[in-house]
Amino acid sequence: MAVAAQVRLVNDVARHFRHLPHDEAVAGVVQHVRTFWEPRMRAQLLAAVDAGEDGLDPLAVEAAEALR
Amino acid sequence: MSLLKEPDHGTPARTSDTTVRVTVDGQAVEVPKGTSVMRAASLAGVAVPKLCATDSLEAFGSCRLCLVEIDGVKGTPASCTTPCADGMTVTTQNDRLADLRRGVMELYISDHPLDCLTCAANGDCELQDMAGVVGLRDVRYGYAGENHTHQEKDLSNPYFDFDPSKCILCSRCVRACDEVQGTFALTIEGRGFDSKVSPGMGEKFFDSECVSCGACVQACPTSTLQERKVVEIGMPTRSVVTTCAYCGVGCSFKAEMRGGEVVRMVPFKDGGANEGHSCVKGRFAWGYATHSERVLSPMVRESIDDEWREVSWDEAIAYTAERLTAIQAAHGPGSIGGITSSRCTNEEVYVVQKMVRAAFGNNNVDTCARVCHSPTGYGLKQTFGTSAGTQNFASVAKADVIVVIGANPTDGHPVFASRMKRRLRQGAKLVVVDPRRIDLVRSPHIEAAHHLQLAPGTNVAVVNAMAHVVVTEGLMDDAFVAERCEGTDEWVAFISQPENSPEAVEHVTGVPASELRAAARLYATAGNAAIYYGLGVTEHSQGSTMVMGMANLAMATGNIGREGVGINPLRGQNNVQGSCDMGSFPHELPGYRHVSDDAVRSVFETLWGRTLHSEPGLRIPNMFDAAIDGTFRGLYVQGEDIAQSDPNTTHVHKALRSMDLVVVQDLFLNETSKFAHVFLPGTSFLEKDGTFTNAERRINRVRPVMQPKNGKHEWQIVCDIAQAMGYPMAYDHPSQIMDEIAMTTPTFAGVSFAHLDEVGSLQWPCNSNAPQGTPTMHVDGFVRGKGHLIPTPYVPTNERSTRKYPLILTTGRILSQYNVGAQTRRTSNSMWHAEDVLEVHAHDAEVRGIEDGDLVQVSSRVGATTLRAVISDRMPVGVVYTTFHHPVSGANVVTTDQSDWATNCPEYKVTAVQVGLAQARTPAGVVAQDRPLPTPVAGD
């Protein structure tokens, strides 16, 4: 349940940074998640990436990698 | 304190760059040009007799009691309508004037019931006072002639009586309704001897357009319009100045008491937010505070299926602390958290976040602002550098154009709406951006220049298009932007793109391009343009983006940093601003400073004696998700009914059921308490001692008029829980909590109870740079240095209408009810709004076979509920609207998990729904009227 919520949330964040140049967009998502997300939410996001969760925005996946 | 009577100078103050000197009864006085003789006399210490004059209303000159002599002027002009001229010499008392005044009073008294000893206004009646002042001893005309003394009373309003037999036709009530409230519900009907005050077209007060703001009652010089409570129990004997606990306007009131009982709440003339005005909620709907359903003893239970058990405070605190500690021992320090209340004082909120951070040892604290104005915090901090509105309320009086976006001030913030309407009647232009035709669009003497009736969810496209017009038509304030802003080139390039043009977005927004262009030109070129907004901006998937978009628009046109302009959030609850200021967000310590900031954290660590976490905690929706996951198991909730107010009720209920411990601290057993194991009774605003901070950053004192009915202040309850969990936290008085806030939070450095008691109120920042506070922000520079112009692409919400759910539901509030209704439903306000209804456009109703008054089922992807349909031309085709004041209607059963991308603020304003008759129409054409319960969609 919560994993799905993190996927939805990070996709929403990614959609709002997508207009930026690619590297800035990734950095924007990373910065946002670091600033506002509680650590267990970030852990669930990383777990979702590791599990190849369906529906993850590619930008969110890149940002998640940068969060490790 | 004795009964507080503010001075009444008879006519309003005037402001002018020039002054004039006059002499009144030998007293010299200098006043601004335009000041009336009556006011000048009063300022010189000379009280001119008066009946139709009061300084909240423009002079009327009808009673002829204030006649004076002026050297060189023929006759005896009325001092209220005569402006002072330089060198004027005025005489207010001599035999001629005394005879004239006695003659006037004789006429009044000859048609007045002489029942002073049994009259409710005995001792508080200006007619009685003036009879004494003029020395009336006899009425030559007698009392036998035709008169008005046996006219029928109108008792239809639940809060005040209208007794026309005592009316002196001074028109103060009519003028108060016009000038102060701006509703124009009253008139003088008939002519000559038949003249009488009439609500509407000879209607009863309750049936008329009267909004029960109380302005007429306050203005009445006799007991013609009198508070019902005064009629029932008599006049108050003492006053306590305090602050209303309803909306974010934060009106100051005199709680007028008789012993320990509140007789009436009277708006305080010196209140910075309201300046003597009020609405039906603050003025009259305070009876909930002593309602019989209030819970006054702590209660506990092992399971939510058990009955409540009343216990002592000691047992309740120990039980709470033990269970919270046990949860942490079993599931880790992050397994518990707390929610602060926007209805509680700054001091009560501060100690909750301190308890969570220092005693719980995590940052899992959030506030109900999460579900309303958290995008304001994000958006204004990103663009301006601080999370607050830029103006004071009085600023609207200098606006030339007022843009209202996603707000309904006449219902949600009625006292500020009256200020706004006054400015609009003076000629300021109005632009309304709202899917629904709110009252402001067209009301007496007001008509919006433009109503941009956009499709729900397209705010950002509209504001971008307005900015596009500004930039591409050369309307940008280049000098302001060059000096005060950064990110300009990137933003200009973005906003100039053709896809942001009004024409390009018209098919999405539904707003005609020509109309939008005209509105943008008006905003950019009018002089002072101010934006006021509400939850119709924030409660969207792009709520934060929209706040930044509005800030961009204001910066691009130079409409920031002076009176009459700005970006102004209209906060929903009384202390939303304050609860956010106090560090209620899981990522911020008090003063909006991120928890990762080592220097800031060390300030609190040194004072609190605990190491604080540098990582953000869980937000409310994250708490619910984590609860269902099993990692978040204990929650303390201060004064918020999350089970009713938060979206996707089914999901919220599931989360609450998943927890091992839910602690509710509130006045009443509410929907959330159905899932609670501990109930800690709270205190009403009449018992609180502290401060509220309103939407204009104004810190007002909340003073107790009675002892806590539950036996304990709310801040003491929180301290006791923290202590029982092993963290020492104690104060002798709430002023010490404010002292700690001032010590740790630079924007509050100059705030103390003593300072507030001295000056009345303070708008933060209040510190050595601004010892008396800051009415207007960002005057010479932005808090963050340069204002940041940030590109704000429009990203459509994921919540789309489909063939199955073809309509969009949007939600709001109504004047007489407040939020989840816990307070107002326990007052006579429910006479105006006994149930939530669904407003539907006639076309949408007709194609579904729905008639006005039918019960209809509203279904979304997450649930369904039943509401009564009201056919309304306020709604555009395809959009329906309801309120969420009554738990039985369960409006949030249908709202979804969609939220603002940046803050997780729920997208209450856009839910795809289908609407149909709740039950099939019978052959007789009648629909059964039993209301089915709200139902979730299976599987959540």
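These lines cover the structure that appears in this document, whether it is placed above or below. Being a predicted model, the structure only gives us computed values, none of them experimental.

## A look at helix H3 (residues 39–50) of chain A
Taking 1.5 Å of rise per residue, the 12 residues of H3(A) would be expected to cover 16 Å, and the 16 Å separating its terminal C-alpha atoms lies within 8% of that figure. Within H3(A) the residues assigned to the buried category are A:Arg40, A:Met41, A:Arg42, A:Gln44, A:Leu45, A:Leu46, A:Ala48 and A:Val49. Elements that come into contact with the buried residues of H3(A) comprise helix H1 (2–17), helix H2 (22–36) and helix H4 (58–67) of chain A together with helix H22 (620–629) of chain B. N-cap assignment for H3(A): the residue whose side-chain oxygen lies 2.8 Å from the backbone N of A:Arg40 is A:Glu38. Immediately beyond the C-terminal end of H3(A), within one or two residues, lies A:Gly52, with a positive phi of roughly 65 degrees.

## A look at the pairing of strand E38 (residues 911–917) of chain B
Consecutive residues of a regular strand have side chains that alternate between opposite faces of the sheet. Residues and elements named next belong to chain B. Note that strand E33 (residues 807–812) and E38 share 3 bridges and pair antiparallel. In the strand pairing of E38, Leu807 is matched with Val913. Bridge count between strand E35 (residues 855–859) and E38: 4 bridges; the pairing is antiparallel. Among the inter-strand pairings, Val856 is bridged to a residue of E38, identified as Leu917.

## Some remarks on the interface of chain B and chain A
Contact residues are listed per partner, giving 35 residues for chain B and 23 residues for chain A. In total, chain B and chain A occlude about 2300 Å² of area from one another, counting both sides; carbon and sulfur atoms represent 55% of this. The interface formed by chain B and chain A holds 1 salt bridge in total. The shortest N-O distance in the salt bridge between B:Glu615 and A:Arg42 comes to 3.0 Å. Viewed at the interface, chain A and chain B are joined by 11 residue pairs in polar contact (both at pLDDT 80 or more). Here the element with the most residues in the side of chain B that touches chain A is H22(B); it accounts for 5 residues. Its residues placed into classes, the side of chain B that touches chain A shows 12 nonpolar, 17 polar and 6 charged.

## Some words on the pattern of salt bridges
Residues and elements named next belong to chain B. All chains considered together, the criterion is met by 57 salt bridges over all chains. Arg172 is the salt-bridge partner of Glu126, the closest N and O atoms lying 2.9 Å from each other. In this pair, Glu126 sits in helix H3 (residues 126–133) while Arg172 sits in helix H4 (residues 172–181), placing the two residues 46 residues apart along the sequence. Here Glu687 ties to Arg294 by a salt bridge, and the two come within 2.6 Å at their closest N and O atoms. Here Glu687, found in the loop between strand E28 (678–681) and strand E29 (690–693), pairs with Arg294, found in the loop between helix H7 (280–284) and strand E12 (299–300); they are 393 residues apart in sequence, far enough to count as distant. Each member of the pair Glu687 and Arg294 is classed as buried. Within the structure, one salt-bridge network assembled from shared partners comprises Lys5, Glu6, Asp124, Glu227, Lys254, Glu256, Arg264 and Arg283.

## Structural notes on the packing of aromatic side chains
All names here are of chain B. Tallied over the full model, the rule gives 21 aromatic pairs over all chains. In this structure an aromatic cluster arises from ring pairing among Tyr159, Phe160, Phe162, Phe205, Phe206, Phe284 and Trp832. The cationic tip of Arg301 hangs over the ring face of Trp308; the distance from NZ or CZ to the ring centre is 4.0 Å. The positively charged end of Arg436 is found above the aromatic ring belonging to Tyr881, 3.9 Å away from the centroid.

## Overview of H1(A)
Across its 16 residues, H1(A) extends 23 Å between first and last C-alpha, which sits within 8% of the 22 Å expected from 1.5 Å per residue. For H1(A), a buried count of 12 out of 16 residues is recorded, marking the element as mostly surrounded by other parts of the structure. Restricting attention to buried positions, one finds in H1(A) the residues A:Ala2, A:Ala5, A:Gln6, A:Val7, A:Leu9, A:Val10, A:Asn11, A:Asp12, A:Val13, A:Ala14, A:His16 and A:Phe17. In this structure, the buried side of H1(A) is in contact with H2, H3 and H4 of chain A together with helix H19 (543–556) and H22 of chain B.

## Section: the layout of surface pockets
A water-sized probe rolled over the atoms picks out the places where empty space is left. All names here are of chain B. By volume, the second largest pocket is sized at about 920 Å³. Taken together, 35 residues form the lining of the second largest pocket, with Val211, Asp411, Asp439, Leu815 and Arg874 sitting closest to its centre. Within the residue set of the lining of the second largest pocket, elements represented by two or more residues are helix H11 (409–412), helix H12 (414–425), strand E18 (442–443), strand E34 (837–840) and strand E37 (879–883). Of the residues forming the lining of the second largest pocket, the biggest block, 3 residues, is contributed by E37. When the residues that make up the lining of the second largest pocket are grouped by side-chain class, the tally is 13 nonpolar, 12 polar and 10 charged. Residue assignment places the lining of the second largest pocket across two domains, with domain 3 (388–569) and domain 4 (807–936) each supplying three or more.

## A look at empty space enclosed by the protein
All names here are of chain B. Counted under the stated rule, the structure contains 9 cavities of 30 Å³ or more. Taken as a whole, the largest cavity spans an internal volume of roughly 660 Å³. Contributing to the lining of the largest cavity are 43 residues, with Leu535, Glu539, Thr811, Gly812 and Lys909 lying nearest its centre. Secondary structure elements with two or more residues in the lining of the largest cavity: helix H18 (535–538) and E33. No other element matches E33, which puts 3 residues into the lining of the largest cavity. Residue composition of the lining of the largest cavity, grouped by class: 17 nonpolar, 18 polar and 8 charged. Empty space within the second largest cavity amounts to approximately 190 Å³.

## Considerations on the environment of B:Gly75
Along the chain, B:Gly75 turns up in the loop between strand E3 (69–70) and strand E4 (89–91). Spatially, the C-alpha atoms of B:Gly75 and B:Lys153 are 40 Å apart, while their sequence positions differ by 78 residues.

## Structural notes on the sheet that holds strand E11 (residues 261–267) of chain B
All names here are of chain B. Spatially, the 3 strands line up as an open sheet ordered E9-E10-E11, and their pairing is antiparallel. Unpaired on one side and paired on the other, strand E9 (238–243) and E11 mark the two borders of the sheet. The sheet shows a mean angle of 30 degrees between the axes of neighbouring strands, taken without regard to direction. Inspection of the sheet shows strand E10 (residues 252–258) paired to E11 by 6 bridges, in the antiparallel sense. Bridge pairing in E11 places Glu256 opposite Arg264.

## Some thoughts on the nonpolar core
In globular proteins that are soluble, nonpolar side chains generally tend to be buried together. Residue and element names in this part refer to chain B. One finds Leu225, Ile402, Met420 and Leu430 to be the most contacted residues of the largest nonpolar core, which totals 67 residues. Of all the elements, H12 adds the most residues to this core, at 4 residues. When residues of this core are sorted by domain, at least three fall in each of domain 2 (314–372 + 577–705 + 714–763) and domain 3 (388–569). Discounting residues that sit within four places of it in the chain, Leu430 has contacts with Ile402, Val404, Leu424, Leu440, Ile446, Ala448, Ala449 and His450. Ranked by size, the runner-up nonpolar core spans 62 residues in total, among them Val352, Ile721, Leu756 and Cys766.

The rules behind the values
- Residues numbered from 1 in each chain as written.
- Chains lettered and ligands numbered in written order.
- Predicted model: local features only at pLDDT ≥ 70, side-chain atom pairs only at ≥ 80, totals over all residues.
- Heavy atoms only, no water.
- Helix = DSSP H or I, 4+ residues; strand = E, 2+ residues; numbered from the N terminus.
- Expected span 1.5 Å × (residues − 1).
- Buried < 20%, exposed > 50% of the residue type's maximum accessible area, 1.4 Å probe, protein only.
- Contact = heavy atoms within 4.5 Å.
- Polar contact = N/O pair within 3.5 Å; in protein donor to acceptor, adjacent residues only side chain to side chain.
- Pairing = 2+ DSSP bridges.
- Buried area = accessible area lost by both parts, 1.4 Å probe.
- Salt bridge = Lys/Arg side-chain N within 4 Å of Asp/Glu carboxyl O.
- Nonpolar A, V, L, I, M, F, W, Y, C, P; charged D, E, K, R; others polar.
- Phe/Tyr/Trp six-rings, centres within 6.5 Å; stacked < 30°, edge-to-face > 60°.
- Lys NZ or Arg CZ within 6 Å of the ring centre and 35° of its normal.
- 1 Å grid on protein atoms, 1.4 Å probe; cavity = no way out; pocket = protein on both sides within 12 Å on 5 of 7 lines; lining within 4 Å.
- Points joined across faces, edges and corners; volume = space filled by probe spheres on them.
- Domains from an automatic or database assignment.
- Axes fitted to C-alpha atoms, helices over the stretch in contact; angles between N-to-C directions.
- Core = buried A, V, L, I, M, F, W, Y, C linked by side-chain atoms within 4.5 Å.

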